[in-house]
Amino acid sequence: MAKCNGAFYDLSLLLLMLAFSQRFFLVDSTTDPADIKVLKDLKNGLNPKSVVPGSCLSSWDFSLDPCDHVFSIHFTCGFRCDRVVSGSFRVTEITLDPAGYSGSLTSTTWSLPYLQTLEISDNSFSSSIPDSLSNLTRLRRLSLSRNSLSGPIPDSLGSLSQLHELYLDNNELNGPIPLTLNKLVNLKRLEVQRNNLSGKIPNLGSLRNLYFFDASDNELSGEVPLTLPKSLVEVSVRNNSLQGNLPESLANLGYLQVLDLSHNRLSGPVISILFDHLSLQQVTLSHNNFTSMEVPSNYVNSRLIAIDLSYNELRGLLPVFIGLMPKLSALSLEHNKFTGMIPMEYAVKAAVPAGAGTTASFQRLLLGGNYLFGLIPDALMGLKPGSVNVSLVDNCLYMCPAKFFFCQGGDQKSLVDCKNFGPVIP
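Conventions we followed
- Each residue is numbered by its place in its chain's sequence as written, counting from 1.
- Totals for whole chains, interfaces and linings use every residue, but because this is a predicted model, local features are given only for residues with pLDDT of at least 70 and side-chain atom pairs only at 80 or more, for both listing and counting.
- Note: side-chain values were computed over all heavy atoms of the structure, leaving out hydrogens and water.
- Only runs of H or I of at least four residues qualify as helices and only runs of E of at least two qualify as strands under DSSP, and these elements are numbered from the N terminus.
- Pairing of N or O atoms within 3.5 Å defines a polar contact, subject to two protein rules: one partner must be a possible hydrogen donor and the other a possible acceptor, and residues neighboring in sequence count only if both atoms are side-chain atoms.
- Whether two residues are in contact is decided by their heavy atoms, any of which lying within 4.5 Å being enough.
- Put simply, a disulfide is two cysteine sulfurs that come within 2.5 Å.
- Residue burial is assigned from relative accessible area. The probe radius is 1.4 Å, only protein chains are included, and a residue is buried under 20% of its type maximum, exposed over 50%, and partly exposed in between.
- Think of the arc as the fan of directions from the helix axis to the C-beta atoms.
- Take a side-chain nitrogen of Lys or Arg and a carboxyl oxygen of Asp or Glu: if they are within 4 Å of each other, that pair is a salt bridge.
- Within 6.5 Å between ring centres, the rings of Phe, Tyr and Trp (the latter by its six-membered ring) count as paired, and their orientation is classed by plane angle as stacked under 30 degrees, edge-to-face over 60, tilted in between.
- Note on geometry: a ring has a charge over it if NZ (lysine) or CZ (arginine) is within 6 Å of the ring centre and within 35 degrees of the ring normal.
- When DSSP finds two or more bridges between a pair of strands, those strands are recorded as paired.
- The method works on a 1 Å grid over the protein atoms by themselves. A cavity is a set of points holding a 1.4 Å probe that cannot get out, a pocket is an open set with protein on both sides within 12 Å along at least five of seven lines, and residues with an atom within 4 Å of a point line them.
- Grid points are joined across faces, edges and corners, and a volume is the space filled by probe spheres set on the points.
- Amino acid classes used here: Ala, Val, Leu, Ile, Met, Phe, Trp, Tyr, Cys and Pro are nonpolar; Asp, Glu, Lys and Arg are charged; the rest, including Gly, are polar.
- To define a nonpolar core, start from buried Ala, Val, Leu, Ile, Met, Phe, Trp, Tyr and Cys residues and group those joined through side-chain atoms within 4.5 Å.
- Like charges within 9 Å and nonpolar side chains (Val, Leu, Ile, Met, Phe, Trp, Tyr) within 5 Å are joined into patches, using only residues over 30% in relative accessible area that form no salt bridge.
- Computed by Shrake-Rupley with a 1.4 Å probe, the accessible areas treat only the displayed protein chains as cover when residues are assessed.

(A) Layout of the side chain of Asn-182. With respect to the element layout, Asn-182 can be found in the loop between β9 (172-175) and β10 (189-191). Within polar-contact distance, the side chain of Asn-182 engages the backbone nitrogen of Ser-206 at 3.1 Å. In contact with Asn-182, other than residues within four places in its own chain, are Asn-203, Leu-204, Gly-205, Ser-206 and Leu-207.

(B) Region of interest: the state of the cysteines. Scanning the model with the defined rule gives 4 disulfides in all. Sulfur-sulfur distance for the disulfide between Cys-56 and Cys-77 comes to 1.9 Å. Between Cys-56 and Cys-77, the S-S dihedral sits near -110 degrees, and the bridge is therefore left-handed. Separated by 21 residues along the polypeptide, Cys-56 in the loop between α2 (33-44) and β1 (79-83) and Cys-77 in the loop between α2 and β1 bring together distant segments of the chain. Judged by relative accessible area, Cys-77 falls into the partly exposed class, the value being 24%. One disulfide in the model links Cys-396 with Cys-418; its S-S distance is 2.0 Å. On the S-S bond that ties Cys-396 to Cys-418, the torsion sits near -95 degrees, and the link is left-handed. Residue Cys-396 is located in strand β27 (residues 396-397), and its partner Cys-418 is located in helix α5 (residues 415-421); the two are separated by 22 residues in the primary sequence. Cys-418 matches Cys-396 in its accessibility class, with the two residues each being buried. If the cysteines joined by disulfides in the protein are listed in sequence order, their pairing comes out as 1-3, 2-4, 5-8, 6-7.

(C) Focus on helix α3 (residues 344-351). What α3 keeps buried is the set Tyr-346, Ala-347, Lys-349 and Ala-350. Considered in projection along α3, the buried side chains sweep an arc of 165 degrees and stay on one side of the axis. Along its buried surface, α3 packs onto β22 (330-332), β24 (364-366) and α4 (378-381).

(D) Summary view of the pattern of salt bridges. On inspection of all chains with the given rule, the structure shows 14 salt bridges. Asp-169 serves as the salt-bridge partner of Arg-146, at 3.4 Å between the closest nitrogen and oxygen. Taken as a pair, Arg-146 in the loop between β6 (141-143) and β7 (150-152) and Asp-169 in the loop between β8 (165-167) and β9 lie far apart in primary sequence, 23 residues in all. With a relative accessible area of 2%, Asp-169 lands in the buried category. A single network of salt bridges, built from pairs that share partners, joins Asp-32, Asp-35 and Arg-90.

(E) Region of the structure containing the packing of aromatic side chains. Throughout the structure, instances matching the rule amount to 10 aromatic pairs. Centre to centre, the rings of Phe-62 and Phe-75 are 5.6 Å apart; their planes meet at 70 degrees, and the pair counts as edge-to-face. Highlighted residues: Phe-62 in the loop between α2 and β1 and Phe-75 in the loop between α2 and β1, separated in sequence by 13 residues. Taking relative accessible area as the criterion, Phe-62 reaches 23% and is therefore assigned partly exposed. Ring centres 5.7 Å apart and planes at 40 degrees place the aromatic pair Tyr-299 and Phe-321 in the tilted group. In this pair, Tyr-299 sits in the loop between β19 (289-293) and β20 (306-308) while Phe-321 sits in the loop between β21 (315-317) and β22, placing the two residues 22 residues apart along the sequence. Phe-321 sits in the buried class, given a relative accessible area of 5%. Chaining the aromatic ring pairs together yields one cluster made of Trp-60, Phe-62, Phe-75 and Phe-79. The ring of Phe-212 is capped by Arg-189, whose NZ or CZ atom sits 3.7 Å from the centre of that ring. Seen from the ring of Phe-362, Lys-349 lies directly overhead, with NZ or CZ sitting 5.5 Å from the centre.

(F) How the structure looks around the pairing of strand β17 (residues 265-270). By the bridge criterion, 2 bridges tie strand β15 (residues 243-244) to β17 in an arrangement that is parallel. Bridge assignment links Gly-244 to a residue of β17, and that residue is Leu-266. Bridge count between β17 and β19: 4 bridges; the pairing is parallel. Each bridged residue has a counterpart across the sheet, and for Val-270 the counterpart in β19 is Met-293.

(G) Structural context of the side chain of Ser-145. Within the secondary structure, Ser-145 sits in the loop between β6 and β7. The buried category is assigned to Ser-145, whose relative accessible area is 2%. There is a polar contact of 2.7 Å between the side chain of Ser-145 and the side chain of Asp-169. Among all residues touching Ser-145, those that are not within four sequence positions of it are Ser-121, Asp-122, Tyr-167, Leu-168, Asp-169 and Asn-171.

(H) Highlighting the layout of surface pockets. If you add up the space inside the largest pocket, you get close to 150 Å³. Forming the boundary of the largest pocket are 12 residues, of which Gly-323, Val-348, Lys-349, Thr-359 and Ala-360 lie nearest the centre. For the lining of the largest pocket, the class distribution of residues is 6 nonpolar, 4 polar and 2 charged.

(I) Looking closely at the nonpolar core. Core analysis: the largest hydrophobic core is formed by 107 residues, its most contacted members being Ile-94 and Leu-274. Every element with two or more residues in this core is listed here: α2, β1, β2 (89-95), β17, β19 and α3. Excluding residues that lie within four positions of it along the chain, Leu-274 makes contacts with Leu-246, Leu-250, Leu-259, Leu-280, Val-283, Leu-285 and Leu-304.

(J) A look at a nonpolar patch on the surface. A contiguous nonpolar patch, built from Met-344, Val-348 and Val-352 and spanning about 230 Å² of accessible area, is present on the exposed surface. Note on placement: Val-352 falls in the loop between α3 and β24. Relative accessible area serves as the criterion here: at 32%, Val-352 is assigned to the partly exposed category.

So this is what it looks like as structure tokens:
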């Protein structure tokens, strides 16, 4: 009998502890009412037809507490809660699935003081970007990519001092890139490509942690900024309307590896610092108005792997130093106005099998659409189809029959065109 009483006592104590612990955690994890309101307003601001069965937001059931039921059948996904210093639970992430949600971002005040991530990419939101996003004072990642957002980038985003990543690409935003973004001193990645942004690129020199900047496919004008963050590793501003010369200050970007300024209106010389830069690996300046190339003083230490200067107004002889760059394996000088003979250094670099020497061989050598003349170097004549990508079409070369793969795909220029441009050696 004593054993039965003891067992009953132990069972009663266990049930009491379980009830107490469930009650304790239930009370302790109740979502802050202000956070619940933001989540409700966000869902209510959507087009109901875009909240399809199986999507994250279709499961949000506000008859229950969100943080108490996160990752359950009532709140399957779309946000995260964490315990804060006070012991309560707050919403720290909103990460919507790409379910095609449409509607407005202006339906809520965004009063989520503990939110660190807001990710709504790959949906169909179509409002402007609300100033109220500046209430997200702890935000580290803001991703609004690939929606249909319109209007200007609000100056108020410059107050998000903890922001590390800002993705506004692939929308319909217009107006300038705000100068206030220069206040985001912790920003590491800035993507605003594929919008309708205009005006000059602002001074971003204070962004000492920025390593990636993409403003391609916009309507930006003016010159390449003299002051860019020295921390940059990759810069892409292709397909805009930038004008003027390349600034010598690009030499100050000591970590730069990729530079793409193609499809602009840049002019003047391709400056020498691009060819002897100690970290730069890829330069794409095609579809501009460059007229000459400066010879670097120390190209033997260049780390360049790929150079694309096609579709410019480059004139003169093909620069020999390019054929001596130790790591270069891809060169495109197509559709310029180069003349003279193909340097032997180019031919040898294309003919040497990859990995056979201490320097890289050409895997791509595109010289078509110029005014090159003379005989094709013997080193190129021995190349087999598929061994390397070489094109010499649309030049003034003597004897470039289609039996050679690098002469296929286009004829040589007429003798009249070649003589009108310059001397041709038969």
